[in-house]
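Architecture and fold: a report
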Amino acid sequence: MTKVIDIKTKDQAVKISELASEAPYEVWLSTDTVMLDARSLLGILSLVGRRASVVAEDNVNPRSFSKLVDKMV
């Protein structure tokens, strides 16, 4: 399951990391060249100013995943 977001600021990167850390399932961020654990603030900071896909396993509740991604934006 994936959704695309734009990571625009450092504050948004911090928020993404915090939300991913609270999720009861693994959350990843993916670009054309890299896939990072969304809990890794250092990794997310390298994506500021870029578009990334938020990725979770297919068995995650789609509604829960959508709510999580909506909070990340």
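Reference entry: report on the structure contained in this document. (Residues numbered from 1 in each chain as written. Predicted model: local features only at pLDDT ≥ 70, side-chain atom pairs only at ≥ 80, totals over all residues. Heavy atoms only, no water.)

1. Some details on helix α1 (residues 10-22)
Every α-helix winds through 3.6 residues per turn, so residues three or four apart in the chain are directed the same way. The criterion, for reference: Strands here mean DSSP runs of E at least two residues long; helices mean DSSP runs of H or I at least four residues long; both are numbered from the N terminus. Expected span of a helix: the number of residues minus one, times 1.5 Å. Any residue under 20% of the maximum accessible area for its type is buried, any over 50% is exposed, and the rest in between are partly exposed; the area is computed with a 1.4 Å probe on protein chains only. Taking the helix axis as origin, the arc is that swept by the directions to the C-beta atoms. In what follows, a contact means two residues having at least one pair of non-hydrogen atoms within 4.5 Å.
Taking 1.5 Å of rise per residue, the 13 residues of α1 would be expected to cover 18 Å, and the 19 Å separating its terminal C-alpha atoms lies within 8% of that figure. Those residues of α1 that fall on the buried side of the exposure criterion are Q12, A13, I16, S17, L19 and A20. Angularly, the buried residues of α1 cover 170° about the axis, an arc narrow enough to put them on a single face. Exposed side of α1, more than 90 degrees from the buried face: K10, D11 and E22 are the residues found there. Its buried side turned inward, α1 meets β1 (2-7), β2 (28-30), α2 (41-45) and α3 (62-72).

2. Quick word on the side chain of Q12
As a reminder of what qualifies: In protein, a polar contact requires one atom able to donate a hydrogen and another able to accept it; more generally it is a pair of N or O atoms within 3.5 Å, and residues adjacent in sequence count only if both atoms are side-chain atoms.
Its place among the elements puts Q12 in helix α1. Residue classification places Q12 among the buried residues on the basis of a relative accessible area of 10%. Polar side-chain contacts of Q12 include one of 3.1 Å to the backbone oxygen of M72. Leaving out residues up to four positions away in the same chain, Q12 has contacts with D6, I7, M72 and V73.

3. Here we look at the pattern of salt bridges
Keep this limit in mind: Each reported salt bridge corresponds to a side-chain nitrogen of Lys or Arg within 4 Å of a carboxyl oxygen of Asp or Glu.
Under the defined criterion, the tally for this structure stands at two salt bridges. A salt bridge links D6 to R51, with the nearest nitrogen and oxygen atoms 2.9 Å apart. Taken as a pair, D6 in strand β1 and R51 in strand β4 (residues 50-55) lie far apart in primary sequence, 45 residues in all. Between D37 and R39 there is a salt bridge whose closest N-O contact spans 2.7 Å. The partly exposed category is assigned to R39, whose relative accessible area is 45%.

By themselves, these figures tell us nothing about what the structure is for.
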